[in-house]
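Summary of the model geometry
Here is how the chains run, residue by residue.
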Amino acid sequence: MSSFKCVGIVGTNKAGCTTYEDDYILPEGSVWVDDLPPMTGPDRFGEWIVEADGTYSWHKLPDPPFPVVYHEGKIKNSDTLVELPENVLPGNIAVRIASTESTLVGISTAMSAEVQNAHDYAQQASQSAASAEAAKQAVDDAIAALPKPTQFEMLTAVLGAGGLVNVLFTKTYTSPPVLIPVTRFVGDQAFIPVIGVPTLTGVEVTGKRTRGTLLLTSGPFESAAAGDTVQFVVIGR
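Residues numbered from 1 in each chain as written. Predicted model: local features only at pLDDT ≥ 70, side-chain atom pairs only at ≥ 80, totals over all residues. Heavy atoms only, no water.

**A few points about the overall build of the protein chain**
- Helices and strands together make up the secondary structure of the protein chain, namely one helix and 15 strands.
- The C-alpha atoms of the protein chain give 58 Å as radius of gyration, which overshoots the globular expectation for 237 residues (18 Å, by more than 25%).
- Of all 237 residues assigned to the protein chain, the portion counted as buried reaches 20%.
- As presented, the protein chain carries roughly 16100 Å² of accessible surface, and 60% of it is formed by carbon and sulfur atoms.
- Measuring between centres, the 15 positive side-chain charges of the protein chain sit 27 Å from its 26 negative side-chain charges. (Helix = DSSP H or I, 4+ residues; strand = E, 2+ residues; numbered from the N terminus. Rg over C-alpha atoms; globule rule 2.2 N^0.38 Å. Buried < 20%, exposed > 50% of the residue type's maximum accessible area, 1.4 Å probe, protein only. Areas by Shrake-Rupley, 256 points an atom, 1.4 Å probe, with all protein chains shown as cover. Lys, Arg positive; Asp, Glu negative; His and termini not counted. Charge placed at Lys NZ, Arg CZ, Asp CG, Glu CD.)

Below is the structure:
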């Protein structure tokens, strides 16, 4: 035969009623109970727990007997919206908040120290950069104060019409250079430049050459003609 019965799981608030055979064997940890647990309890926050003897006992929960809400950045009583002091909150909140605040203070202190260190390093780097720039400027000034190196070039010029040519220097000079004529031989005939007054960029050049036939009534040189080639050395800075 069967009948309508209720079964609860010991140590929990779980219970249910249905039809069972009279010879039904309860699972381990379950007991027969007279009915489902009551719908209400002696206070607001708790639950009915199934006991081993088939009765129910009221177990008050450790949470506060009122709903809690987070409102305007504060934890409050949902019924009154009054802010709750930390010591009445469940879960050891006061200690946890204090620990969190202490940790945050430590983090803030460490971050402040790091920011100060970064500021100090930045100042040192700025000072080092300024010192390096000053040193570089001093080196640049010293280099600029050095005399320019001596330059040398050998120039070859072909005389133009009237045995005259304007020769431009290939290098740049800060003052008129020294010009040294070079005697150039073609066979037994010598060609010697006659150099004018140099400027920074060039000089006017004519020339002399030895005569092919030496006459007693004339000297050994005659003016060089158009097409003759002369050479001279340029030395300067």
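**Brief notes about the environment of Leu-200**
- Tracing the chain through its elements places Leu-200 in the loop between strand E12 (189–195) and strand E13 (202–210).
- It is 19 Å that separates the C-alpha atoms of Leu-200 and Leu-164, two residues lying 36 residues apart in sequence.
- Once residues lying within four places of it in the same chain are set aside, the contact partners of Leu-200 are Phe-169, Tyr-173, Thr-174, Ser-175 and Pro-176. (Contact = heavy atoms within 4.5 Å.)

**Considering the confidence of the model for the protein chain**
- In the predicted model, the protein chain carries a mean pLDDT of 87, and 92% of its residues have values of at least 70.
- The weakest mean pLDDT in the protein chain belongs to strand E6 (residues 68–71) at 81; the strongest belongs to strand E9 (residues 165–168) at 96. (pLDDT = per-residue confidence, 0-100.)

**Overview of a nonpolar patch on the surface**
- A cluster of nonpolar side chains, namely Val-68, Tyr-70 and Ile-75, defines an oily patch on the protein surface of about 300 Å² accessible area.
- As for its position among the elements, Ile-75 is in strand E7 (residues 74–77). (Patch = residues over 30% accessible without salt bridge, like charges linked within 9 Å, V, L, I, M, F, W, Y side chains within 5 Å. Salt bridge = Lys/Arg side-chain N within 4 Å of Asp/Glu carboxyl O.)

**Some words on the domain arrangement of the protein chain**
- Taken domain by domain, the protein chain holds domain 1 (5–60), domain 2 (66–146) and domain 3 (151–236).
- Spacing between the C-alpha centres of domain 2 and domain 3 amounts to 82 Å. (Domains from an automatic or database assignment.)

**Examining the pairing of strand E1 (residues 2–9)**
- Across seven bridges, E1 lies against strand E2 (residues 15–21) in antiparallel orientation. Paired with Gly-8 across the bridge in E2 is Ala-15.
- Here E1 folds back onto E2, and the loop between the two strands holds five residues, one of which, Gly-11, carries a positive phi near 85°.
- Relative to strand E3 (residues 30–33), E1 is paired through four bridges, and the arrangement is antiparallel. Bridge assignment links Gly-8 to a residue of E3, and that residue is Val-31. (Pairing = 2+ DSSP bridges.)

**Regarding the sheet that holds strand E8 (residues 151–158)**
- Judged by pairing direction, the sheet is antiparallel, and its three strands sit side by side in the order E8-E15-E10 without closing on themselves. What marks the edges here is a single partner per strand, and that holds for E8 and strand E10 (178–182). For this sheet, the mean inter-axis angle between neighbouring strands, taken without regard to orientation, is 25°.
- For E10 and strand E15 (residues 229–236), the ladder comprises five bridges, and the chain directions are antiparallel. Within E15, the position partnered with Pro-181 by the bridge is Phe-232. (Axes fitted to C-alpha atoms, helices over the stretch in contact; angles between N-to-C directions.)

**So, the state of the cysteines**
- Inspection of every chain in the model, using the stated rule, returns one disulfide.
- Disulfide partner of Cys-6: Cys-17, at an S-S distance of 1.7 Å. On the sign convention where negative is left-handed, the bridge of Cys-6 and Cys-17, at about 100° about the S-S bond, is right-handed. Of the two residues, Cys-6 is situated in strand E1 and Cys-17 in strand E2; the sequence distance between them amounts to 11 residues. (Disulfide = S-S within 2.5 Å.)

**Concerning the packing of aromatic side chains**
- Applying the stated criterion across every chain, the model contains five aromatic pairs.
- Measuring from centroid to centroid gives 5.3 Å for Trp-48 and Trp-58, while their planes differ by 70°, and the two rings are edge-to-face. Here Trp-58 lies in strand E5 (residues 56–60) and Trp-48 lies in strand E4 (residues 46–50), a separation of 10 residues in the sequence.
- A relative accessible area of 22% means that Trp-58 is categorised as partly exposed. (Phe/Tyr/Trp six-rings, centres within 6.5 Å; stacked < 30°, edge-to-face > 60°.)

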